[in-house]
Amino acid sequence: MAPAAGAAPSPEPAAVPAAAAWGAARSLANEHARIAVRRLVADYDGGAEAVRRIAAELLDPGDEDEIVTTGHGRFVTRVTDRPAAPAACAPPEPGGYALHVRRPGPAYDLVWRPAPTPAPPGPGEVSVEIRAAGLNYRDVLQAQAVLPPQPGADSSREHPVGYECAGIVTAVGEQVTSFAPGDRVCALSRGALRSHLTVDARAVCRVPDGMDLTAAATVPLAFLTAQYGLGHVARLSRGQTVLVHAAAGGVGLAAVRYAQRVGARVIATAGTEHKRNLLRLLGVDLVADSRTLDFAEQVLEATGGRGVDVVLNSLSGEAVTRSLELLKPGGHFVELGKRDLAANERLLLGPFQRALTFCAVDLNEMLLEDPDRAGHHVGRLAEGIASGALQPVPHWVRPAAEAAEAFRLLQHSHHIGKLVVTFDEPPPLTPYPAQHAPDPEGTYLVTGGLGGFGAATACWLAERGARHLALVGRRGEQTPGAPEMLRELRGRGVRVTAYAADAADIEAMRAVFEDADRHGHPVRGVVHAAMHLDDAPLADLTDARLAAVFAPKVGGALVLDELTRGRRLDLFVLYSSAAALIGNPHQAPYSGANVALESLARARRRRGEAALVVQWGGIDEAGYVARLELTGMLESKGMGLLTPREAHARLGRLLTEPAQVVAVGRMTWEALRSFCPAADSPRLGLVLAPAQDVAGHSDGDLRRQLAVLAPQEARELALRALTELAATVLQTVPERVPMERPLGDLGMDSLMAAELAVLVQRHFDCEIPAIEAIANPTLTGLADLVLRQQSARSAAGSLPAQQTGPRQAAAPSARP
Ligand SMILES: NC(=O)c1ccc[n+]([C@@H]2O[C@H](COP(=O)([O-])OP(=O)(O)OC[C@H]3O[C@@H](n4cnc5c(N)ncnc54)[C@H](OP(=O)(O)O)[C@@H]3O)[C@@H](O)[C@H]2O)c1
């Protein structure tokens, strides 16, 4: 219990030391699973009424673990998600717009951003006003960050999407003779999900009058891939047999048509009965289920044991091996899938004794690397479109405003053929957020600015226009890496001064401010990044060790607060850490010191002074985490890293918003449960989905049960739970998930595998790399893995066999 702390936004005045205790207690709660650690702020001036309220909280504690009780009422704390940028939607701008993936990763989101009017086309180029764009599975994989992004990512890691489109030519460059303004065309180009595009004329085809542009957007990649893969690579010919996997998708349907046109016999697979029925209607000889391996036997039976001449593949895992085995001597395996290639999966060479050919097809790569060769194949595609031989595939249409919905449909493969986004109505646009611009006449002071993330911040301020920098660290110019950085900044014309000073020493810091005044460039902004870490359980720490962590952070911040009183500042930024938000175990003083900064910032804001606390997640490339190579460990705890560039892009925007205390990071909140026993407090309830029961048990309960049950019973329980989790991911019922069948064969792709890995980690506190969920073939195999890890932990003593407390035992610490 403490006087009003400022650790939470409340109407009461802040008290920095109390806030420090509040923050340290967050870590304590995660260090001691069996002790319910609650933070209660009481308004001591509230008299008897306050005492009554405090007594009520103590006598009848609920779930809340952070409570502020004041004369104004009872307040509890909540961490809320906030949009990455101002959510304001602007009317469409005349320049046009482009779809961007914001926050690429499992929880990606899509925004339409204003895009500048394209420059006039250069020689050999064509400008197109786009009316419709086809989606490809690759777009989703890039949005999910399973595949690397397209070039063109901006500093906040947003990147464009789209590979094909159809529209009207608005201008042509020199040397372009085959197109003229007004022509209806379809085209292949990266970043095609946009309103206007300038593209190499070699990647453009004319669209005949009878074909509408929405339908035309389904043609380029599907037919080019079918024509190139089956015709050019596999030389499929009359009388041969081809096996087309996942044949109800855009490329699959184009391939079926191509093969039928050349007179080949077509065997196909698809994932649902609905899709298989469609393929039967299209005259496919034999249609099998792509989610089981039974297709292999069926193909052999249907071909009298001879197998097929060509396989067009987009499946992964065991299905690849089985399909290779189906090839006749001299047969061709044409790989369209990207997943196994990206994951560097292995392929056994035995089948290749039959002189087989394995060829991966990636036309987007060819368009980039060898546009002449690609142009040749696009020319043949254009002929097919012009002659009417190539007709659009079935498609589902979504307006641009519903692009996110279209991505979701594609991701779950519920559709048949292609998904097309149309541009009849301009979508609502999300403007690029504004960035803070430093005053070129002011000095910007960065503590901890001679090394690590602080030094990266100094460079960013210079990039943004700061011309005078004062960088403070105890080692001054002797800080490793500082001389090179100073030289580079000075080379760019920045007047930068390195001070060997302790940020908590008020006289040394006063001298820094006075120096800036003397030069006629008074301090206009402060970034306080100095820190010292000393990680250990709170009970192991001495006063001296605690003080060493608190001094630079809190002592430094109080000094800066004091010395900036009455000065006109445009920024006063205190670097904090997500560790403080979460309460990382073994980082109590660090959490405490950072929460104390919040209290100070709130006090400043109440006085009308600038203040912003940023609780950073892990930072890559610069600073403590990168230096100590802790990136992998942090990522395994659900704390994805930001590069300094990404972090600063976000900071630049935050400085234009009324933000006071904001966490910025790439968090997988669910992963907190694996190392923070207090993660399920209501405080994090708005960002952390409620723990899901599995096999009739909550996650903590499940782990306890597994630890106490006899081996056979534990195995049965683990299997039941894993089957339920796999069924959730596969969007089916547990009865339809056979335990002995490889997960990859059940249709589990890498995105689903990543989802399963997170669920397994949450419920079993057991780590499986996502890809292993596919390679590790069966649920029984996974159960063995889970139980092995579980018993290793029990043996190491971190999970006592008989546990009676309400939560899982404390897990290892994570750092800033
Ligand atoms: N790196 C991350 O992943 C991460 C994540 C979350 C938050 N943060 C925050 O970002 C800030 C910078 O972290 P970092 O990773 O860059 O740390 P770092 O690499 O360890 O750098 C800390 C800097 O602070 C200086 N410093 C320490 N005590 C000082 C004092 N008393 N007076 C003046 N300078 C002092 C150090 O220089 P001397 O030793 O020469 O004084 C050093 O240059 C910290 O506030 C941290 O909480 C970082």
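Preceding block: the structure.
Presented here is a report on the structure given in the accompanying data block.

About the criteria used
Residues numbered from 1 in each chain as written. Predicted model: local features only at pLDDT ≥ 70, side-chain atom pairs only at ≥ 80, totals over all residues. Heavy atoms only, no water. Salt bridge = Lys/Arg side-chain N within 4 Å of Asp/Glu carboxyl O. Helix = DSSP H or I, 4+ residues; strand = E, 2+ residues; numbered from the N terminus. Buried < 20%, exposed > 50% of the residue type's maximum accessible area, 1.4 Å probe, protein only. Axes fitted to C-alpha atoms, helices over the stretch in contact; angles between N-to-C directions. Parallel < 35°, antiparallel > 145°, perpendicular 65-115°, else oblique. Contact = heavy atoms within 4.5 Å. Nonpolar A, V, L, I, M, F, W, Y, C, P; charged D, E, K, R; others polar. Expected span 1.5 Å × (residues − 1). Arc of directions from axis to C-beta. Polar contact = N/O pair within 3.5 Å; in protein donor to acceptor, adjacent residues only side chain to side chain.

1. With respect to the pattern of salt bridges
Evaluation of the coordinates by the stated rule reveals 41 salt bridges. Between arginine 276 and aspartate 289 there is a salt bridge, and its shortest N-O distance comes to 3.2 Å. Taken as a pair, arginine 276 in helix α7 (residues 273-281) and aspartate 289 in strand β15 (residues 286-289) lie far apart in primary sequence, 13 residues in all. Overall, the relative accessible area of 9% leaves arginine 276 in the buried class. By relative accessible area, aspartate 289 is classed as partly exposed at 23%. Here arginine 604 and aspartate 561 are joined by a salt bridge, their closest N and O atoms 2.8 Å apart. Pair noted here: arginine 604 is in helix α19 (residues 588-606) and aspartate 561 is in helix α17 (residues 543-564), with a separation of 43 residues, a long-range link. Each of the two residues, arginine 604 as well as aspartate 561, counts as buried.

2. Digging into the packing of helix α5 (residues 220-233) against helix α12 (residues 371-387)
At a closest axis distance of 10 Å, the pairing of α5 and α12 adopts a crossing angle of 105°. The orientation of α5 with respect to α12, classified from their angle, is roughly perpendicular. Where α5 approaches α12, its residues Pro220, Phe223, Leu224, Gln227, Tyr228 and His232 are matched on the opposing element by Arg373, His377, Val378, Arg380 and Leu381. Of the residues contributing to the contact of α5 with α12, the split by class is six nonpolar, three polar and two charged.

3. As for helix α2 (residues 47-59)
Taking 1.5 Å per residue as the helical rise, α2 with its 13 residues ought to reach 18 Å, and the 18 Å between its terminal C-alpha atoms agrees with that figure. Of the positions making up α2, those classed as buried are Ala50, Arg53, Ile54 and Glu57. Each buried residue of α2 sits inside an arc of 100° when the element is viewed along its axis, so together they form one side. Exposed residues lying more than 90 degrees from the buried face of α2 are Ala48, Val51 and Leu59. Against β2 (39-42), β3 (66-70) and β4 (73-76) lie the buried residues of α2.

4. Notes on the environment of glycine 747
Here glycine 747 shows up in the loop between α24 (711-730) and α25 (750-764). For glycine 747, a relative accessible area of 25% puts it in the partly exposed group. Sequence spacing of glycine 747 and glycine 271 is 476 residues, and the spatial spacing of their C-alpha atoms is 7.9 Å.

5. Here's the deal with the environment of aspartate 183
With respect to the helices and strands, the residue aspartate 183 is situated in the loop between β9 (164-172) and β10 (184-188). Placed 14 residues apart in sequence, aspartate 183 and valine 169 show a C-alpha to C-alpha distance of 5.3 Å. Setting aside residues no more than four positions away along its own chain, aspartate 183 makes contact with Gly167, Ile168, Val169, Ser178 and Arg206. Reaching out from aspartate 183, the side chain makes a polar contact with the backbone nitrogen of alanine 180 at a distance of 2.8 Å. One polar contact links aspartate 183 to arginine 206, side chain to side chain, over a distance of 3.0 Å.

Just geometry here; none of it tells us what the structure is for.
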